[in-house]
Amino acid sequence: MKEAWRGFRAGAWQTQINLRDFILKNHIPYEGDEAFLAGPTERTTRLMGHVQSLLRREAQAGGVLDIDVSTVSSLTHYRPGYIDKADEIIVGLQTDQPLRRGVHPFGGVRMAREAVEAYGYKLSDKIEDEFQFRTTHNDGVFRVYTDEMRAARRIGLITGLPDAYGRGRIIGDYRRVALYGVDRLIQEKKRDKAALGQGEMAAETIRLSEELYQQIVFLGRLKEMAALYGFDISLPAQNAREAVQWLYFAYLGAIKEQNGAAMSLGRVSSFLNIFIERDIAEGKLDESRAQELFDDFVIKLRLARILRTPEYNELFGGDPMWITEAVGGMAEDGRTLVSKSSFRMLNTLYTLGPAPEPNLTVLWSNALPEGFKRFCAKLSIDTDSIQYEGDDLMRPLYGDDYSIACCVSAMETGKRMQFFGARCNLPKLLLLAINGGYDSYAGAHIGPQLGPLQGDRLDYGEVMERLKLYMPWLAKLYVNALNVVHYMHDKYFYEKLQMALHDTDPKRFMAFGVAGLSVAADSLSAIRYACVAPIRDGEGNITGFLTAGEFPAFGNDDDRADSIARALLEDFFACLKAHKTYRNAEHSLSVLTITSNVVYGKKTGATPDGRAGGQPFAPGANPMHGREKNGALAALNSVAKLPYEICRDGISNTFSIVPEALGHWESERRETLCAILDGYFQKGAQHINVNVLSRETLQKAFDDPNAFPNLTMRVSGYAVNFHRLSKEQQAEVVMRSFHGAV
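A. The arrangement of the sheet that holds strand β6 (residues 386-390) in detail. Sheet architecture is open: five strands sit in the order β4-β5-β6-β19-β18, paired in mixed fashion. One side of each edge strand has no neighbouring strand; the edge strands of this open sheet are β4 (324-328) and β18 (654-657). Along the sheet, successive strands turn relative to each other by an average axial angle of 30°, direction set aside. Sheet topology places β4 next to strand β5 (residues 359-364); five bridges connect them, and they run parallel. Its bridge partner lying in β5, Thr324 is registered against Asn359. The strands touched by helix α14 (residues 340-351) are β4, β5 and β6; relative to β4, the strand with the most contacts, the crossing angle is about 130°. The strands touched by helix α16 (residues 391-398) are β5 and β6; relative to β6, the strand with the most contacts, the crossing angle is about 60°.

Printed below as a string of structure tokens:
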């Protein structure tokens, strides 16, 4: 290790697994601008030519280029794969061919079968035969689900439960492999396992001991996987190229093993910068070659794919992986954590062109260097490919070495993990309460059976009393369903490698979520401030509403509506916390829909706010389309009022503004966008996607797929290629609000 760690400042990181200490001891802050950056090399351009050809073929094949239907995906189950071996600096593919997808039947063999059949393939008899005698995660869940859980799932009251695929949102600390080598990590895990054996062998201890055994085995398999490519990762990386390669092998092992709903990368650019700047100082790299390392690394990330069913793709449109990389932020000692490699990572949007992956996330603080802020604003204006999260809000809770799980959820890297939990449908819950346990849209009875509210006008007090009955019922059902899901996932589809790159007993979160917040808040506002008359069928059930008069809508910085939205979150979170979670995970909540706002809307009847039955909700925490009447800042202010202290799983806000609204020339637009971001996060906001484009551009892309074939935009916590969305999802995106003035 002496040679690998040459020139690094000593610290606690040498005697314990402590990445934060290593980074803070050796970090080189950068407070300049992007002038030092290099463009793509000839080698990068050639390699990207191969990649673009592959991507075109994938699109022509309907979105899936090829599937290996005979191999269960894992670390050592494929021969080494390359794009063009002679031109690759960083190597490794999920299977033996670029863009060939593998199958993960341990999540659910039925889902694997449906996924391959959706693209004209057939799951091999070999896998079908083997999994007759294996219990999958999906099998275990549905053995235990109650009839009520199944019904809530079926009618869209709780949707997106990770009960048929990998749960995701677990971020292995992939940096550990580069800094320490795998042998050191195995040694630490063996020590932890031996210590467990000294105590009482209670159920939790037995489970953790077996998990440690699996972690140790898969760290060994990670070494075997790297050896297939000709590398020995048992020891630490000796230089920058090895640091990138070792780290990438760790991430590659994770995505070979799991088909998680989100496979975030972590916070790696400033860590890698320490190795890069050492190599530059030693004369082994120049700026062009440093950028080339990031370009090659990001090319590999852009080729990552997971096979999913059409049902999954309807919920989470655009074929996302959520390979989220957090960039920037501040250290607790007041230094910026921006490095030159923060710029290099973001610069791949220019050297390689805009793309959805990796999901680039800037941790924004008002104290960030101005040159970095302006560069980020320029990227948003030019590419619509990055999102921002409030570092000053999250750093006091998670320290200064946290990452973003999935889209917006902060996790202390390697020390905390999350049980992903999808979300519940608040507007449908409201309709159930009004109808006394009957879903008129689905024609289903569920929950307490009280019969519909009576009268010719809905009374706000009566509706709220009903919600106080139905909200605790749904919260209990939701907690119990997630407990089942995650018990079975740990039992049958445990993330062996990802958890090997965590501390042995991490802090756990249970991530609950809500969808349709603005629809529910506006509906309650309409009942309170306008006149809402129920429309009934022949049996007296309420099937629609006639709403007369004005009412305040969420998104206008009006506390009458905004306080209703806040109270809904506070009340539902209190109901969730009344119930015990699996492995004593800490309750957390999100206001986050991905693209499932379309699916939720399809399964939800007309609501008192005037939304027609079957129509999409607004995404995430956004105001409902077209209801923001007081400008962009008012809309942002409403979202900023939502309480992050109870919504630590994330509050997703997708913000679109036309270029002219930011100014007439580039420098003015950059300054205006920086000022908007400063003001928004000063208000205590947590997250924002930024799109700088017009509705007309999207409409042209919708009408003619050839007009903007590579159009990338932010949708709800992540970016997509617009044309990878379904036509229904594209139409919803076109409907969204595009602010014409600040």
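B. Here's a closer look at the packing of helix α20 (residues 517-529) against helix α21 (residues 559-577). One can describe the packing of α20 onto α21 by two numbers: an axis separation of 9 Å at closest approach and a directional angle of 125°. If you check the angle between α20 and α21, you find them oblique. Judged by the sense of rotation from one axis to the other, the crossing of α20 with α21 is right-handed. Here Leu517, Ala520, Ala521, Leu524, Ser525 and Tyr529 of α20 lie close against α21, whose contacting residues are Arg560, Ala561, Ile564, Ala565, Leu568 and Leu569. By residue class, the composition of the contact of α20 with α21 is ten nonpolar, one polar and one charged.

C. Seen up close, the pattern of salt bridges. If you walk through the whole model with that rule in mind, you get 70 salt bridges. Three or more residues joined by partner-sharing salt bridges are found here, namely Arg167, Glu204, Arg207, Glu211, Asp490, Glu495 and Arg583.

D. Expanded view of unusual backbone geometry. Residue Pro358 is reached from Glu357 by a cis peptide bond, and omega for that bond is -5°. As for its position among the elements, Pro358 is in the loop between α14 and β5. If you check the backbone angles, Asp319 has positive phi at about 60° while not being a glycine. Tracing the backbone through its elements, the reader meets Asp319 in the loop between α13 (310-315) and β4. With relative accessibility at 19%, the residue Asp319 sits in the buried group.

Parameters and conventions
Residues numbered from 1 in each chain as written. Predicted model: local features only at pLDDT ≥ 70, side-chain atom pairs only at ≥ 80, totals over all residues. Heavy atoms only, no water. Pairing = 2+ DSSP bridges. Helix = DSSP H or I, 4+ residues; strand = E, 2+ residues; numbered from the N terminus. Axes fitted to C-alpha atoms, helices over the stretch in contact; angles between N-to-C directions. Contact = heavy atoms within 4.5 Å. Parallel < 35°, antiparallel > 145°, perpendicular 65-115°, else oblique. Left-handed = near helix turned anticlockwise from the far one by under 90°. Nonpolar A, V, L, I, M, F, W, Y, C, P; charged D, E, K, R; others polar. Salt bridge = Lys/Arg side-chain N within 4 Å of Asp/Glu carboxyl O. Buried < 20%, exposed > 50% of the residue type's maximum accessible area, 1.4 Å probe, protein only.

All we've got here are geometric facts, nothing functional implied.
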